[in-house]
Amino acid sequence: MSRDRSERRARISLRTRLSLVALAVSAVAVALLGAVVLTALHRNLVASSKEVLREQTAAVLATVDVDAAGRLSVAEPGDRSTLDAATWVFDGSQVLERANAREDVQRRVRELVGRGDGFARGPDDLLLHAQAVRLADRQVGTIVAARSPAADDRSEHLVQLTVLGLGALVLLGAFFATRVTVGRALRPVSELTTQAAEWSALDVTRRFGTGARPVELAELAATLDGVLDRLSAVLRREQQLTAELSHELRTPLARVVGEMELAQSRERTPEELGAAHAAVLRAAHRMTDILATLLAGAQTGPTPGRCDVVLVLTELAAQHPQGAVVVDPGPSPTAGVEQRVLARVVSPLVDNALRYARTPVRLSVTAGPTVLVTDDGPGVPADLVETVFEPGFRGDRSDGHPGGGLGLPLARRLAREAGGDVILRSGSPSGAVAVVTLPSG
């Protein structure tokens, strides 16, 4: 049941919710204002009624004479309506003038005789005013005037209806005004989110930038730009991973295809078949290592490890034709990287050196540990020693090599992720020298 209510609330738009909140707040405000107005009106009507009764009793008092003995007499006024109104005149406790009223009203009026000046309520909320008639400091008579609340009730009822009508109009106006205002305020938000969704699907390079916007919309635009930046980075990473996998798997796959085509082209001796099978198995293991290394790096980054540097270089040299790659004798330090990571760092450097070398490519190890990949090719111009590490860069696109310019960038990226680096030395008279620095194991 609670889940159903939550789902129903979730289906209500933000504009409707804000409009309902504004309606509720307006209703409370209108109710409070109406209560204040009606209370003030009631007090004013009561005060007005009391003032009318004072004037009425004062007018009657002007017609009353008091002799020296304290006896009252009522002179006939020019305007008889003053006495014909709801007015009583008492000489002591004896009534001289009496209004026509019910018996319960008469009893209530008699209760006010002799009690001095003041107001009281009678039956049916009748308002009574007693005015003392005095001789010196002694009360000798009482004048009582009455006023029915009917007229005041009609006025209050009319005002109540007016307040309710105006309150309803105010509430309707507040609801629709809030709905329109919120809709206009949220329209840019909808436009921003729609644009961001379109860019994320078609062109993640687009950005909202820092144009002139309200603070809240500027924050939203900055947030959406951040999301697009992260999405763009993820897409670039996926494209890079795809390109690197394609680049690294091309050579072992070509070896497998070549061995299979050769096996099908003619009859081969058992020794040749055994060598072909071994080559295919090595290529398969190499592809497995490539996939594991690149996928692990893409998902979690390089994992700590240790390996014998010379042993890795020797195994790497064995994957190439005999004599094409030579490992110089020397110390065999331990590097703080996994064996397969080191192989993936050095392998593109060796492949690149083999394309230009006239004599065997030399691999040597120095303290640090540091691996030097040396060839006697034309070398790398000084102004390109950093450019060659940019993805997609190729020095000579007419050399017939099918590569995509990703080997050197991959080598540097893996080395740096492992805590090392790859650089090229320029100006070497013997050709190019790639220097791989590794963390110590």
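Here, the structure is the one placed above.
Residues numbered from 1 in each chain as written. Predicted model: local features only at pLDDT ≥ 70, side-chain atom pairs only at ≥ 80, totals over all residues. Heavy atoms only, no water.

**Q** How should the side chain of Arg 412 be read in this particular structure?
**A** Summarising the element assignment, Arg 412 is placed in helix H10 (residues 407-417). The residues contacting Arg 412, other than those within four sequence positions of it, are Glu 386, Phe 389, Asp 421, Val 422 and Ile 423. (Helix = DSSP H or I, 4+ residues; strand = E, 2+ residues; numbered from the N terminus. Contact = heavy atoms within 4.5 Å.)

**Q** Where do I start with the nonpolar core in this structure?
**A** One recurring pattern in soluble globular proteins is that nonpolar side chains are buried together. The biggest cluster of nonpolar side chains holds 38 residues, and the ones touching the most others in it are Val 309, Leu 342, Leu 349 and Val 373. Counting only elements with at least two residues in this core, the list comes to helix H8 (309-318), helix H9 (339-356), strand E11 (361-366), strand E12 (370-374), H10, strand E13 (421-425) and strand E14 (433-437). Looking at this core, the element that brings in the most residues is H9, giving eight residues. Counting residues in each nonpolar core, the second largest holds twelve residues, with Trp 88, Ala 99, Val 109 and Leu 128 among its members. (Core = buried A, V, L, I, M, F, W, Y, C linked by side-chain atoms within 4.5 Å. Buried < 20%, exposed > 50% of the residue type's maximum accessible area, 1.4 Å probe, protein only.)

**Q** Looking at this model, I keep getting lost on the environment of Gly 183. Mind explaining?
**A** With respect to the element layout, Gly 183 can be found in helix H5 (residues 150-202). Separated by 167 residues in the primary sequence, Gly 183 and Thr 16 place their C-alpha atoms 9.3 Å from one another.

**Q** Can you help me understand the packing of aromatic side chains in this one?
**A** The geometry of two aromatic rings is summed up by the distance between their centres and the angle between their planes. Going through the model one piece at a time under the given rule, you end up with one aromatic pair. When the ring of Phe 175 is compared with that of Phe 176, the centres are 5.3 Å apart and the planes differ by 85°; the resulting orientation is edge-to-face. A relative accessible area of 17% means that Phe 175 is categorised as buried. For Phe 176, a relative accessible area of 49% gives the class partly exposed. If you follow Arg 412 out to its NZ or CZ, it ends over the ring of Phe 389, 3.7 Å from the centre. (Phe/Tyr/Trp six-rings, centres within 6.5 Å; stacked < 30°, edge-to-face > 60°. Lys NZ or Arg CZ within 6 Å of the ring centre and 35° of its normal.)

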